[in-house]
Every structure is written in C-alpha cells, then in structure tokens.
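# Notes for the structure review
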Amino acid sequence: MSPSVLVPSNRSSQNSMSNVIIDPEVLSQEITLSSDLDLRYFISKPLKDVKQTLVFHVEENVSLNLLMVDFAYMNCNLDVKVDLKRGAKATLSLASLNSHEYEKIFNLDVTHQEVDSFSRVKMSGINAGKGVLKFLGNSTIVNGAHRSDTRQEGRITNLHPEAKSTASPALLIKENDVVASHGAALGAYNPDQIYYLMSRGLSMQQAKKLITFGTLLPIIEQLSDEDLINKAKTVLEDLSI
C-alpha cells in the first residue's frame, strides 16, 4: 500500500449528512493526513476479505477521529496502525457485536513518534455467541517523544457461557516524561450492578439490558445519524439476554 488521499470507493455508501461510510466492501488503505479527518464507519455486512489493514500517518498538529461500529455477521481480522508526529492527536473508538461462532480480532496500534502527541483508544464489545472476540493493541511512545499522552481501553461483555473473549491492551513506553495508562474489563454481568439496578425497581432482564446498552451506546451515538443509531439499538434490543 502507498499513502493516498481518502476517497470512499462507493460514494453511494457515504451519508453526506453525517459523514458516515456505510457498509464498505474494503477497509484496507494507507493514508497520510495533512489536515484533520473525522472518519466514521457503520458495518452491518461482511467485508470482502477477512484480513483488513488501515494505516494512518498523522502529520504535525493534525487530528484523526476514527469511529467504527461493527454489527456484521462475519469473520474479521482488522489491524489499525496510527503513527503520530509532533502535536498530532488520534481518537480511535470501536463498538463491536459478535454472535454465533464467528471470529473477530481487532488490533489497534498507536505509535507516538514525536513530542506532544496524544491518543485515546477505546474498544467496547458484546460477545453473544460461542465465537471469538479479541481486542488487542499497543500504545507505543518512542524515546524522545516527550510530553506525549496515551490511553488504551478494552471492554467486552459476554452473553454466552461459551464465549471466547480477550481484552489485552498494552503499553510500550520508552520515555519518562509522558502520561500513559490502560484498562481492560472482561466477563459477564457484575452482580453488584445488577443488584443496584434491581433495588431501583428494574427487573433482572431490564437491568441486564441497561448494562448491555451501556457497553456500546456511548460509541454508537457518536455516529450522529439517527437512522443508524436506531438500527443499532434495534439489533441490541433483539439480543437474547
């Protein structure tokens, strides 16, 4: 792949009102950003190939906001790689729903190449079947990238006893004058949360639905497209909990 300017391959799939690319066949691209980019994907149909790679080179003082909502019935292995120059910023958000026995693996890597760079990576998912859902990724701050700030988060809620899930964010820090943190949460419902919600008058089913929605909705609502948000909510409503 060579650096290119991002142009959706299927213009009819792009919603001009919300700047969301809907059901692309291919995600793989390598892009050099010299100006800010707000890129949002809504994926409800399988991609053309299982293996996809997105690469972003973010130039000095440029911001990247990448949002991905994946509700497709498919196997998927997606790598997202971002490198940041001086003062560059990247916010990567992923909401993924896996069901049946599909295998979905997401690897989001950010490398802070120069000083004063900033990144946030947040992956939230629901594994509703016997399949595999993996959230992986490294935040790297190289030697000399002073005052850089990074955080990686991964959270998966399992709705099936045979769900195979992994949330494993990692930090590779080679500089002292930085801020770096990560967090991961994995498993079924927290009984303390269930008890609290039921003590406020909700049934167990309602409490579980509320917690499930809370896993993905903060990311889904960033689509800023009412039709797509409602479509996603309908899919969540139909989940067996």
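For the structure itself, look to the data block above.
Here we summarise the structure given alongside this text. Residue numbers run consecutively from 1 along every chain, following the written order of its sequence. Local features in a predicted model are, by the rule used here, given only for residues with pLDDT of at least 70; side-chain atom pairs are given and counted only at 80 or more, and totals for whole chains, interfaces and linings are based on all residues. Side-chain numbers come from the whole structure's heavy atoms, not from hydrogens or water.

### Brief notes about the overall build of the protein
Helix and strand content of the protein: three helices and 14 strands. The globule rule used here is 2.2 Å times the number of residues to the 0.38 power, and the radius of gyration it is set against is calculated over C-alpha atoms. A compact globule built from 241 residues should have a C-alpha radius of gyration of about 18 Å, and the protein, at 18 Å, falls within 12% of that. Along the first, second and third principal axes, the C-alpha atoms of the protein reach 50 × 45 × 30 Å. Each residue gets one of three labels from its accessible area relative to the maximum for its type: buried under 20%, exposed over 50%, partly exposed in between, using a 1.4 Å probe on protein chains only. Within the protein, the proportion of its 241 residues that are buried is 49%. Residues are treated as being in contact if the distance between any of their heavy atoms lies within 4.5 Å. A separation threshold of at least 6 residues defines the contact pool for the protein, and within that pool the share at least 24 residues apart is 77%. As displayed, the protein offers around 11,500 Å² of accessible surface, 48% of which is attributable to carbon and sulfur atoms. Under the counting rule used here, the positive set is Lys and Arg, the negative set is Asp and Glu, and His together with the chain ends is not counted. By convention, the charge on Lys lies at NZ, on Arg at CZ, on Asp at CG and on Glu at CD. Of the charged side chains in the protein, 24 are positive and 28 negative, and the gap between their average positions amounts to 4 Å. Every helix listed is a DSSP run of H or I at least four residues long, and every strand listed is a run of E at least two residues long, numbered separately from the N terminus. Note on areas: Shrake-Rupley, 1.4 Å probe, and residue coverage restricted to the protein chains presented here.

### A closer look at the pairing of strand E12 (residues 149-158)
Judged by how many residues are buried, E12 sits mostly within the fold: seven of 10 residues are covered. Only strands joined by at least two bridges in the DSSP assignment are considered to pair. In this sheet, E12 lies alongside strand E10 (residues 118-127) in parallel orientation, the contact comprising 10 bridges. Paired with Ile-126 across the strands is Thr-157, a residue of E12. Here nine bridges tie E12 to strand E14 (residues 179-187), and the two strands are oriented parallel to one another. Its bridge partner being in E14, Gly-154 is matched across the sheet by Ala-184.

### A word on empty space enclosed by the protein
For each structure, a 1 Å grid was placed over the protein atoms alone; sets of points admitting a 1.4 Å probe that cannot get out are labelled cavities, open sets with protein on both sides within 12 Å along at least five of seven lines are labelled pockets, and lining residues have an atom within 4 Å of a point. Grid points are joined across faces, edges and corners, and a volume is the space filled by probe spheres set on the points. Under the definition given, this model contains one cavity of 30 Å³ or more. Of the voids in this model, the largest cavity is the one considered here, and its volume is about 30 Å³. If you go around the largest cavity, the residues you meet are Leu-27, Ile-43, Met-68, Asp-70, Cys-76, Leu-78, Leu-94 and Phe-106. For the lining of the largest cavity, the secondary-structure elements that each account for two or more residues are strand E6 (63-70) and strand E7 (76-84).

### A look at the environment of Asp-38
Secondary-structure assignment places Asp-38 in strand E4 (residues 37-43). C-alpha of Asp-38 to C-alpha of Ser-148: the two residues are 110 residues apart in sequence and 21 Å apart in space. Among residues more than four places away in sequence, those in contact with Asp-38 are Asn-19 and Asn-65. Separated by 3.3 Å, the side chains of Asp-38 and Arg-40 make a polar contact. Any N or O atom pair separated by 3.5 Å or less is treated as a polar contact, with the protein-specific requirement of one donor-capable and one acceptor-capable atom, and with residues adjacent in sequence counted only for side-chain atom pairs.

### Some details on the layout of surface pockets
Here the largest pocket is characterised by a volume of approximately 290 Å³. The wall of the largest pocket is formed by 15 residues, among which Tyr-73, Leu-97, Ser-99, Val-235 and Leu-239 lie closest to the centre. Considering only residue class, the lining of the largest pocket consists of nine nonpolar, four polar and two charged. Each residue gets one label: Ala, Val, Leu, Ile, Met, Phe, Trp, Tyr, Cys and Pro are nonpolar, Asp, Glu, Lys and Arg are charged, and the others, such as Gly, are polar.

### Remarks on the pattern of salt bridges
Take a side-chain nitrogen of Lys or Arg and a carboxyl oxygen of Asp or Glu: if they are within 4 Å of each other, that pair is a salt bridge. Tallied over the full model, the rule gives eight salt bridges. The salt bridge partner of Asp-79 is Lys-51, with a shortest N-O separation of 2.6 Å. In this pair, Asp-79 is assigned in strand E7 and Lys-51 in strand E5 (residues 51-58), connecting sequence segments 28 residues apart. With relative accessibility at 13%, the residue Asp-79 sits in the buried group. With relative accessibility at 44%, the residue Lys-51 sits in the partly exposed group. Between Lys-81 and Asp-109 there is a salt bridge, with the nearest N and O atoms lying 3.5 Å from each other. Here Lys-81, found in strand E7, pairs with Asp-109, found in strand E9 (residues 103-112); they are 28 residues apart in sequence, far enough to count as distant. Residue class for Lys-81 comes out partly exposed when judged on its relative accessible area of 35%.

### Quick notes on the sheet that holds strand E3 (residues 29-33)
With parallel pairing, the six strands of this open sheet are ordered in space as E3-E5-E7-E9-E11-E13. Each of the sheet's edge strands pairs with one partner strand only, and the pair in question is E3 and strand E13 (164-173). In this sheet, adjacent strand axes meet at a mean angle of 10 degrees when their direction is disregarded. The pairing of E7 with E9 spans nine bridges and is parallel. Paired with Leu-78 across the bridge in E9 is Phe-106. Between the N-to-C directions of two axes lies an angle of 0 to 180 degrees, each axis being a line fitted to C-alpha atoms and, for a helix, fitted only over the stretch in contact.

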